[in-house]
Amino acid sequence: MRAPLVMNTLKALFFLVSLAILICSCSVPNNSNGGWQKVFKNDENGKAIFGNKEQLIDAVRLGYPVRIGWGSSRVEHVANADFLTIFDGEVFGQIKSIVGQAPTNEHGTPKIRFRAENNWTKISGTNGYSTAFMTNYLKDTIISGNVDRKNATTWYVYFPAKVSEIKPLPLLKNPNK
């Protein structure tokens, strides 16, 4: 009577081990580096202080999403770069127009309020170049902008889980002209 019980137990154990091995062999671990990654940072003079500008250029040519980050001593911003340009070996990223913000610290409490009637956009370059443009959206008039500035910028790229096999070639037939 013990022999059939032992055999059934061994069969059940064999089945469970086989099932576990099958499940584990079908699961492919995600060892990719997919997701948002900081790939490059330039200082206000365009000097590389992190990463590889060529990796950023390749990502732009492959159509990967890019974000830019910048800031001052107290405020940090990160925004999607919705319009990207490669020009003379530099990348320029422009953010969409946003309603302006006014950071304040009232009574020890940090707050950010909207700037009434104010839209704002920005372009940053890997060479340290930066410019911003501000409009009054109610009057459809320019408030300020188009002033050249120097700005440190951090560049982030969203890499897919599966890396493209396409080579990141220039879009131009002859990029030197």
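From a predicted model like this one, the values you see are computed outputs, not experimental measurements. (Residues numbered from 1 in each chain as written. Predicted model: local features only at pLDDT ≥ 70, side-chain atom pairs only at ≥ 80, totals over all residues. Heavy atoms only, no water.)

A. How the structure looks around the environment of G145. Relative to the assigned elements, G145 resides in strand β10 (residues 141–145). Expressed as a C-alpha distance, the spacing of G145 and T135, which sit 10 residues apart in the sequence, is 8.5 Å. Apart from the residues within four sequence positions on either side, G145 is in contact with A132 and F133. (Helix = DSSP H or I, 4+ residues; strand = E, 2+ residues; numbered from the N terminus. Contact = heavy atoms within 4.5 Å.)

B. Geometry of the side chain of N42. Counting through the fold element by element, N42 comes out in strand β1 (residues 35–42). Contact partners of N42, with chain neighbours within four places excluded, come to K47, I49, G125, T126, G128, N151, A152, T153 and W155.

C. Summary view of a nonpolar patch on the surface. Taken together, V99, F114, Y137 and L138 make up a surface patch of nonpolar side chains, about 440 Å² in accessible area. Among the secondary structure elements, F114 is positioned in strand β8 (residues 109–125). (Patch = residues over 30% accessible without salt bridge, like charges linked within 9 Å, V, L, I, M, F, W, Y side chains within 5 Å. Areas by Shrake-Rupley, 256 points an atom, 1.4 Å probe, with all protein chains shown as cover. Salt bridge = Lys/Arg side-chain N within 4 Å of Asp/Glu carboxyl O.)

D. Spotlight on the packing of aromatic side chains. Counted according to the given criterion, the structure contains four aromatic pairs. Aromatic pair Y64 and F159: ring centres 5.7 Å apart, planes at 75°, arrangement edge-to-face. Placement of Y64 in the loop between α2 (53–61) and β3 (66–71) and of F159 in strand β12 (residues 153–159) is noted, with a sequence separation of 95 residues between them. Between W70 and W120 the ring centres are 6.1 Å apart and the planes differ by 35°, which places this aromatic pair in the tilted class. Of this pair, W70 sits in strand β3 while W120 is found in strand β8, placing the two residues 50 residues apart along the sequence. Among the residues examined, W70 registers a relative accessible area of 11% and is labelled buried. (Phe/Tyr/Trp six-rings, centres within 6.5 Å; stacked < 30°, edge-to-face > 60°. Buried < 20%, exposed > 50% of the residue type's maximum accessible area, 1.4 Å probe, protein only.)

E. Focus on the confidence of the model for the protein. Of all residues in the protein, 81% have pLDDT values of 70 or greater, and the mean over the chain is 86. A low-confidence stretch, residues 27–31 stays under pLDDT 50, and its non-local contacts, those more than four residues away or across chains, total zero contacts. (pLDDT = per-residue confidence, 0-100.)

F. Focus on the pattern of salt bridges. Tallied over the entire structure, the rule returns three salt bridges. The shortest N-O distance in the salt bridge between K53 and E90 comes to 2.9 Å. With K53 in helix α2 and E90 in strand β6 (residues 90–94), the pair connects residues that are 37 residues apart, well separated along the chain. Taking relative accessible area as the criterion, E90 reaches 17% and is therefore assigned buried. A salt bridge links E106 to K111; its shortest N-O distance comes to 3.7 Å. Residue E106 is classed as partly exposed on the basis of its relative accessible area, which comes to 27%. Residue classification places K111 among the partly exposed positions, given a relative accessible area of 33%.

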